[in-house]
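Structural features, examined
What follows is the residue order along each chain.
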Amino acid sequence: MKKFLTLILALTLAASCLAGCSDNSSVPDDAPGTPSGTSPGTAPDASPDASQNTDSGTPAGEIPEIYNLMTETSLAGLKSPYIEDRTSINKAWPKTPADKDHIVVGWAELTMSNPWFVDVANASDARARKYGYEIKRLVCESDPVTQSEQFDTFISQGVDIIVVNPADAMAVIADIQRAVDAGIPVCTSAGILTQADCPLLTSIASSPWGVGFEAGKYIAKQYDSSKPLVAGNIIGVLGNPTSEGRVNGMVSGVIYQRLKDLGTSCTDPELYLIAYNFYQDIVTRGQAELPEANFKVVSQLVGAWTEEGGMSCAEDILAANSDVSLILAENDWMGMGAYKAIVNAGKTDAVKVGCCADGVVDAIAMVKSGEMLTTGCNSGYQQGEEVIDFIYKIFNGQLDPNNLPIASYFPEAAITGENVDTFYDPSLPYFRYESMKFPSIPEYIDALLN
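Numbers given for residues are sequential positions, taken from 1 along each chain in its written order. Reporting in this predicted model follows two pLDDT cut-offs: at least 70 for local features of residues, and 80 or more for side-chain atom pairs to be given and counted; totals over whole chains, interfaces and linings ignore these cut-offs and use all residues. As a convention, hydrogens and water are excluded, and side-chain values are obtained from all of the structure's heavy atoms.

Looking now at the overall build of the protein. Counting its regular elements, the protein contains 13 helices and 13 strands. Residues counted as buried form 56% of the 450 residues belonging to the protein. Carbon and sulfur atoms make up 51% of the accessible area of the protein, which totals about 17800 Å². By the criteria applied, helices consist of DSSP H or I runs no shorter than four residues and strands consist of E runs no shorter than two, each listed in order from the N terminus. Each residue's exposure class comes from its accessible area (1.4 Å probe, protein chains only) as a fraction of the maximum for that residue type: buried when under 20%, exposed when over 50%, partly exposed otherwise. All accessible areas in this document rest on Shrake-Rupley with a 1.4 Å probe, and a residue is counted as covered only by the protein chains that are shown.

In structure tokens, the structure reads:
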């Protein structure tokens, strides 16, 4: 009875969200996070004489609800045009190193037990050698207490800059503050921080929500929106911003595209909020359904980012749910494991797999052959190289990091059967990529609103 009442309440909430949608909802598909019907310097439905936020031109109280939830873990990577100037925050910048030609980097890495992180280390080491830099790398194996102690070690060593992949997105803020107070600037590698007042230079990473959203939109187009779509999710780590952001992004992309195809009048921010609430149901109840989109997720299991984990999760999902026709896997290794389970179950014609990261060459080959619907852009090599290139640019005056968004993202793209040849090079460990850009906050807002 309780389960029945919970389901009724969830469906009522979804219906009320859809019933409250506005009529103006057209925004280019390549602009996730952009409010529909918004022009530069105005917020949706803003009155001409409303008081303005000087940074983004947003009338007070008019920010769409989804953008007031940006610190939520499962929204990591959602882009908001309603962000404030960060120039006045002390970030220990500008910084004068002891030797500009020999920058010493303290790198607090999350783990080395996953091949992706090994690739990050190898790529950053190679790039550092190119510039004559030195990396002092310590690994906390996901323990925030150990990582905090590593900050103290780097501070005592007097490194020029600290790079961190946070073990805990909230606890690390105190560590960053301690480093900045000691005159050492900090940026993140891969880990996304969303607290805009944190004294961080910026987070450098792929957008978890963004890559998931792009993959989800494409995946949705492979199914008839007028017919039921039943999916199972495989997530790497519960509570991890990267994991939850990617899976929420994929679910959001599927819901977004299906509701658009079905003629919804909702604005984009309203659709993101509907999808966010849908995903919260998955987190709290293990499943969710949105009849208006003919979409249901019957299970979300933890695959620990490994092929073995993905295979085991998919086996359980398929065994318990005969109507599943889609498995949404957060990363390639779990997706490849899921595909093996589908093959073993003899269901390759009935069940498809979609991933949104990391774009490893084996997964891209599976997309090219049609064995998987998608993968996404999150190269370990690009991650390591871009962080060191960022450090080189800021210390050589090529980039001013004093007013960057709290998070700076790689370009977001789903690698699909339609564009796979643009990304695929069998001689590379990951997809073919171009160097990222670091727009300032005004440039970032302008790009989202135009």
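Next comes the rest of the write-up.
Inspection of the secondary structure assignment puts Gly77 in the loop between helix H1 (2-19) and strand E1 (104-109). According to the relative accessible area criterion, Gly77 is buried, its value standing at 3%. Contacts were defined at the residue level, with two residues in contact if any of their heavy atoms lie within 4.5 Å. When neighbours within four sequence positions are excluded, Gly77 is seen to be in contact with Ser207, Pro208, Trp209, Gly210 and Tyr409.

Here the focus is the packing of helix H6 (residues 241-261) against helix H7 (residues 268-285). To obtain each axis, a line is fitted to C-alpha atoms, and for helices this fit is confined to the stretch in contact; angles are then taken between N-to-C directions over 0 to 180 degrees. Running from N to C, H6 and H7 cross one another at 125°; their axes reach a closest spacing of 9 Å. Taken together, H6 and H7 sit at an angle that is classed as oblique. The element H6 and its partner H7 pack so that their crossing is right-handed. Residue-level contacts link Glu244, Val247, Asn248, Val251, Ser252, Ile255, Tyr256, Leu259 and Lys260 of H6 to Asp268, Leu271, Tyr272, Ala275, Tyr276, Phe278, Tyr279, Ile282 and Val283 of H7. Side-chain classes follow a simple rule in which Ala, Val, Leu, Ile, Met, Phe, Trp, Tyr, Cys and Pro form the nonpolar group, Asp, Glu, Lys and Arg form the charged group, and the remainder, Gly included, forms the polar group. The residue inventory of the contact of H6 with H7, partitioned by class, reads 13 nonpolar, two polar and three charged. Between 65 and 115 degrees an angle is taken as roughly perpendicular, under 35 as roughly parallel, over 145 as roughly antiparallel, and anywhere else as oblique. Note on convention: the crossing is left-handed when the near helix lies turned anticlockwise from the far helix by less than a right angle, right-handed when the turn is clockwise.

When a carboxyl oxygen of Asp or Glu lies within 4 Å of a side-chain nitrogen of Lys or Arg, that pair is called a salt bridge. For the structure shown, the criterion picks out 15 salt bridges. Shared partners join several salt bridges into a network, and the residues in it are Arg127, Glu385 and Asp389.

In strand E9 (residues 326-329), alternate side chains face the same way, and those of Leu326 and Leu328 on one face and Ile327 and Ala329 on the other are all buried. Here, strands pair whenever DSSP counts at least two bridges between them. Sheet analysis places strand E6 (residues 229-235) next to E9, joined by four bridges and oriented parallel. If you follow Asn233 over to E9, its bridge partner there is Leu328. Relative to strand E10 (residues 352-355), E9 is paired through four bridges, and the arrangement is parallel. Looking across to E10, one finds that Ile327 is bridged to Val353. In the classification by handedness, the crossover that spans E9, the intervening helix H9 (residues 332-344) and the parallel E10 is right-handed. Crossovers are marked right-handed if the path from the first strand over the helix to the second runs clockwise, as seen with the strands pointing away from the viewer.

Take the side chain of Asn331 next. Structurally, the position occupied by Asn331 is in the loop between E9 and H9. Since its relative accessible area comes to 2%, Asn331 is described here as buried. In protein, a polar contact requires one atom able to donate a hydrogen and another able to accept it; more generally it is a pair of N or O atoms within 3.5 Å, and residues adjacent in sequence count only if both atoms are side-chain atoms. Polar side-chain contacts of Asn331 include one of 3.0 Å to the backbone nitrogen of Met334. Excluding its chain neighbours within four sequence positions, the residues that come into contact with Asn331 are Arg246, Trp305, Cys355, Ala357 and Asp358.

This part is about the sheet that holds strand E2 (residues 134-139). Two modes of strand pairing occur in sheets, parallel and antiparallel, and in both the strands are linked by backbone hydrogen bonds. Pairing within the open sheet is parallel, and its six strands lie in the order E2-E1-E3-E4-E5-E12. The open sheet has two free edges, formed respectively by E2 and strand E12 (407-409), since each of these has just one partner strand. On average, each strand axis in the sheet is tilted by 20° relative to the strand beside it, whichever way the strands run. The pairing of strand E4 (residues 186-189) with strand E5 (residues 203-205) spans two bridges and is classified as parallel. Its bridge partner lying in E5, Thr188 is registered against Ser203.

What follows is about the nonpolar core. If you look at the biggest cluster of nonpolar residues, it comprises 64 residues, and the most contacted ones within it are Ile234, Ile327, Phe390 and Ile391. Residue contributions to this core peak at seven residues, all from H9. Of all hydrophobic cores here, the second largest spans 45 residues; its members include Tyr223, Leu229, Tyr279 and Ile282. Throughout, nonpolar core names a set of buried Ala, Val, Leu, Ile, Met, Phe, Trp, Tyr and Cys residues whose side chains join them through atoms within 4.5 Å.

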